Amino acid sequence: MKMFDVYPRYDIYPVRGQGSWVWDKEGQKYLDFYGGHAVISIGHGHPHYVDRIQHQLQQLGFYSNSIQIPIQEELSHKLGEMSGYIDHELFLCNSGAEAIENALKVASFHTKRSKVIVFENAFHGRTSLAVTATDTAKLIAPINQNDRFIRVKLNDLEAVAKCMDTSVAAVLIEGIQGVGGIKLPDNTFLEELKLLCKQNGSLLIVDEIQSGYGRTGKFFAHQYAQFEPDLITIAKGMGNGFPIGGILIHPDIKPWSGMLGTTFGGNHLACAAGLAVLEVIDSEGLIDHVNSISEVLWNALRSLENLIQIRGRGLMIGFDLKEDSKLFRASLLKDHYVFVGSAMQSNTIRLLPPLGVSKEELVVFLQAFKKVWYA
Ligand SMILES: Cc1ncc(COP(=O)(O)O)c(C=O)c1O
């Protein structure tokens, strides 16, 4: 059987990873400044992560949500503490799109409404509702099409206000747009958006799937502003590669038995991975590290000539080239063994290194980058 061919792939075969590095089958070492779509938070093959998953697997890998799973409470407690959202409640699932799907469902159940305001350039995943919330027409199959999503310009509060009526269940916004090219919502925009939602009886869902888990120098990117979302979606860095996602849900939103559900969500092994990630972020002070190391990277990038519009926060960085970035990225990878990411716009480059990236690794990255930049 052949694989269903939906992914454009580099001709590279990584077989091993450690920290910010991966090795291919010939033993060639690559510096990973992309983390496989922003997934690698605590670094490849972190020993505590490997130990915790291994230990859990030796005990019990899986049983469904029909029994007590104390490690879920351990995870939600630690997440509440580290994120500052002690009173929010946690629902666990398996991926980012699934977190979005469930967050929209919760908003709709809670408000008994069905419209959602979303933003230009947004990316929320590829399942039915998530893909309709995403601003890429070619990903939306006829079966996904519906008229329940209203799309407005990011940071345009007036445009949002014009669409607000009693049919709007939620506004869905990324902490920082990732696939959309590292575009930031303004702090005041977010704060006023929350007020607008509150006045209208709609919920505010912040998608932190890419921007969360310390990547921006705070646990969540939206915490640079002063407001609390009703729902926060998480995935990617949450599991450092182990498939896990979730929603933080405001305590005013009440659950009922059967409201949401999934077979695999919150399984023992996924929770062990999720806990290991939080423990490492905590014990290694990775959020403080992001703040200091990212300053070095930002300063170095800013000193490069002709780099257009460097944007983002912490270790979630985007900038534009004058031309398509494809050849640039290919040269970084093939000639200098460095992974970086792309975005919706063909000339954009995204940098998403592991949170613990070292100064020495920044030097390697910058040397390679400059060679391609000034070639
Ligand atoms: C902000 C955001 N939301 C949702 C998703 C979808 O996550 P997943 O691919 O795990 O379904 C992504 C994936 O890139 C994302 O960046």
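Residues numbered from 1 in each chain as written. Predicted model: local features only at pLDDT ≥ 70, side-chain atom pairs only at ≥ 80, totals over all residues.

## Points about helix H2 (residues 47–59)
Compared with the 18 Å implied by 1.5 Å per residue over 13 residues, the 18 Å span of H2 between its first and last C-alpha is a close match. Among the residues of H2, Tyr 49, Arg 52, Ile 53 and Gln 56 are the ones counted as buried. Seen end-on, H2 carries its buried residues on one side only, within an arc spanning 95°. Facing away from the buried side of H2, by more than 90 degrees, are the exposed residues Pro 47, Val 50, Asp 51, Gln 54, His 55 and Gln 58. As for H2, its buried residues are in contact with helix H8 (268–283). (Helix = DSSP H or I, 4+ residues; strand = E, 2+ residues; numbered from the N terminus. Expected span 1.5 Å × (residues − 1). Buried ≥ 20, exposed ≤ 12 C-beta atoms within 10 Å, placed from the backbone. Arc of directions from axis to C-beta. Contact = placed C-beta atoms within 7 Å.)

## Section: the site of the ligand
Near the ligand lie 15 residues; those nearest to it are Gly 96, Ala 97, Gly 125, Ile 209 and Gln 210. The element best represented in the shell around the ligand is helix H4 (residues 96–111), accounting for three residues. Across the shell around the ligand, the residue classes tally to six nonpolar, seven polar and two charged. (Near = placed C-beta within 6 Å. Nonpolar A, V, L, I, M, F, W, Y, C, P; charged D, E, K, R; others polar.)

## Observations regarding the sheet that holds strand E3 (residues 29–32)
Sheet architecture is open: four strands sit in the order E1-E2-E3-E13, paired in mixed fashion. Edge positions in the sheet fall to strand E1 (14–18) and strand E13 (338–339), since each of these pairs with one other strand and no more. Alignment of E1 against strand E2 (residues 21–24), held across four bridges, turns out to be antiparallel. Among the inter-strand pairings, Arg 16 is bridged to a residue of E2, identified as Trp 23. (Pairing = 2+ DSSP bridges.)

## A short note on the pairing of strand E4 (residues 89–93)
Counting buried positions along E4 gives four out of five residues, so the element sits mostly inside the fold. Pairing of E4 with strand E10 (residues 245–249), which is carried by five bridges, proceeds in the antiparallel orientation. Residue pairing for E10: Leu 90 is matched across the bridge by Leu 248.

## Concerning helix H3 (residues 70–83)
The end-to-end C-alpha distance of H3 is 20 Å, a good match for the 20 Å that 14 residues give at a rise of 1.5 Å each. Among the residues of H3, those classed as buried are Gln 72, Leu 75, Ser 76, Leu 79 and Ser 83. The buried residues of H3 occupy an angular sector of 95° when projected down its axis, which confines them to one face. Those residues of H3 that are exposed and angled more than 90 degrees off the buried face are Pro 70, Glu 73 and Glu 81. Just past H3, the residue Gly 84 takes up positive phi, approximately 90°.

## Observations regarding the nonpolar core
Core analysis: the largest hydrophobic core is formed by 100 residues, its most contacted members being Val 171, Ile 205 and Leu 231. Three or more residues apiece are contributed to this core by two domains, here domain 1 (14–46 + 287–373) and domain 2 (47–283). When neighbours within four sequence positions are excluded, Val 171 is seen to be in contact with Ile 117, Val 160, Leu 193, Cys 197, Ser 202, Leu 204 and Ile 205. (Core = buried A, V, L, I, M, F, W, Y, C linked by C-beta atoms within 7 Å. Domains from an automatic or database assignment.)

## Notes on the domain arrangement of the protein
Much of the literature gives interface size as the accessible area that the parts lose upon coming together. Assigned domains within the protein: domain 1 (14–46 + 287–373) and domain 2 (47–283). At the interface, 25 residues of domain 1 touch 29 residues of domain 2. Those elements that place two or more of their residues in the side of domain 1 that touches domain 2 are helix H9 (286–302), strand E11 (308–313), strand E12 (316–320) and strand E14 (348–351). Looking at which element gives the most residues to the side of domain 1 that touches domain 2, the answer is H9, with four residues.

## Focus: the packing of H2 against H8
Two numbers describe how H2 lies on H8: the axes approach to 9 Å, and their chain directions differ by 155°. Between H2 and H8, the crossing angle belongs to the class labelled roughly antiparallel. Crossing geometry of H2 relative to H8 is assigned as right-handed. On H8, the residues touching His 48, Tyr 49, Arg 52, Ile 53, Gln 56 and Leu 57 of H2 are His 268, Leu 269, Ala 272, Ala 273, Leu 275, Ala 276, Val 277, Glu 279 and Val 280. Classifying every residue of the contact of H2 with H8 by side-chain character gives 10 nonpolar, three polar and two charged. (Axes fitted to C-alpha atoms, helices over the stretch in contact; angles between N-to-C directions. Parallel < 35°, antiparallel > 145°, perpendicular 65-115°, else oblique. Left-handed = near helix turned anticlockwise from the far one by under 90°.)

## Section: the sheet that holds E14
Strand order in the open sheet formed by three strands is E11-E12-E14, with antiparallel pairing between adjacent strands. Two strands bound the open sheet, and with one partner strand each, they are E11 and E14. For this sheet the average axis-to-axis angle between neighbouring strands, irrespective of direction, equals 15°. Sheet topology note: the E12/E14 ladder contains four bridges and is antiparallel. Opposite Phe 319, over in E14, you have Ile 349 as the bridge partner.

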